[in-house]
Amino acid sequence: SNPAGINCGGDCSENYDVDTVVTLTAAPAANSQFTGWSGGGCSGTGTCIVTMDANKLVTASFVPSIFTLTVTKSGNGTGTVTSNPAGIECGGDCSESYNFNTVVTVTPTADAGSVFSGWSGDADCSDGVVAMNADKSCTATFSKRLNVTAANGGETWHRGSKQTIRWTSSGLGSNVKIELSRDGGASWKTLFKKAANDGSQLWKVNKPATTQGRIRVCSLSSPSVCDTSDADFTIQ
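Throughout, a residue's number is its position along its own chain's written sequence, starting from 1. Under the rules for a predicted model, residues below a pLDDT of 70 receive no local features and side-chain atom pairs below 80 are neither given nor counted, while totals for whole chains, interfaces and linings still include all residues. Computation of side-chain values covers all heavy atoms of the structure but excludes hydrogens and water.

Draft legend 1. Structural view of the pairing of strand S18 (residues 200–204). Burial status follows relative accessibility: with a 1.4 Å probe on protein chains alone, a residue under 20% of its type maximum counts as buried, one over 50% as exposed, and anything between as partly exposed. Helix numbers and strand numbers start at the N terminus; a helix is a DSSP run of H or I with at least 4 residues, a strand a run of E with at least 2. Here S18 shows a buried face lined by Gln-201 and Trp-203 and an unburied face lined by Ser-200, Leu-202 and Lys-204. Bridge count between strand S15 (residues 162–169) and S18: five bridges; the pairing is antiparallel. Among the inter-strand pairings, Ile-165 is bridged to a residue of S18, identified as Gln-201. Only when DSSP finds a minimum of two bridges between them are two strands counted as paired.

See below:
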């Protein structure tokens, strides 16, 4: 304070003669940020000038000047997230500290065969532009462009029965190829060379029996985009 008396720190109260004009100056410590005054008619981040015509209470607010942004990934797809300013490469480096009020843009990049499905976590993450005025956590969800859902492992399909092979598809062409493995994915036989990419295909289950059945669905327009049953199913 000026006049002297307050050094808060430890001495945060002082008596002054009536009508004394007291100027308060905030000095943040290292790694802290002064965010403003309240009370006593003061506001903003400049000096606080108080006329002592009554008892007055003034609050100076400080926050850490460094906050941590943490990125996590979810979903059945894969991808990476990078940041601008640099620091996050997630991948492997999914957390970074930034100065108070730094605006960080986080950019998701889906791997081949996946799509970015959206942000969740802190409300400020929704558009991928994050103001670092607190510690924040953002979750990027990646989904498979093709995802086999039946048979996806654990089912038992009987020879001669009609079963529906099912999958989901995002941003791919109008046709898929559907294959069957009876040895856990070591070898494949084509069931449908050109099926409509509408998410389902009826199949009359044929022999031989196996406990290591797998279904694989591949896009015909993007042949590298495929998905396979997560685990073995049984044909008996």
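Draft legend 2. Representation of the packing of aromatic side chains in the model. Two aromatic rings from Phe, Tyr or Trp, using only the six-membered ring of Trp, form a pair when their centres are within 6.5 Å; if the ring planes differ by under 30 degrees the pair is stacked, by over 60 it is edge-to-face, and anything between is tilted. With the rule as written, the count across this model stands at seven aromatic pairs. Ring centres of Phe-67 and Phe-100 lie 6.3 Å apart, and the angle between their planes is 50 degrees; on these two criteria the pair is classed as tilted. With Phe-67 in strand S5 (residues 66–74) and Phe-100 in the loop between strand S8 (95–99) and strand S9 (103–110), this pair connects stretches of sequence that are 33 residues apart. One exposure class covers both Phe-67 and Phe-100, and it is buried. Ring geometry for Trp-157 versus Trp-203: centroids 6.2 Å apart, planes at 55 degrees, classification tilted. With Trp-157 in strand S14 (residues 156–157) and Trp-203 in strand S18, this pair connects stretches of sequence that are 46 residues apart. On the accessibility criterion, Trp-157 (6% relative accessible area) is buried. Following the ring pairs from residue to residue traces out a cluster consisting of Phe-34, Trp-37 and Phe-62.

Draft legend 3. Summary view of the sheet that holds strand S12 (residues 136–144). Taking strand neighbours across the sheet as the criterion, the four strands line up as S8-S5-S12-S10 in an open arrangement whose pairing is mixed. Every interior strand has two partners, whereas the edge strands, S8 and strand S10 (114–121), have only one. Here the average twist between neighbouring strands, direction ignored, is 25 degrees. By the bridge criterion, five bridges tie S5 to S8 in an arrangement that is antiparallel. By the bridge assignment, Leu-69 is partnered in S8 with Glu-96. The axes are straight lines fitted to the C-alpha atoms, using for helices just the contacting stretch, and the angles between their N-to-C directions are given from 0 to 180°.

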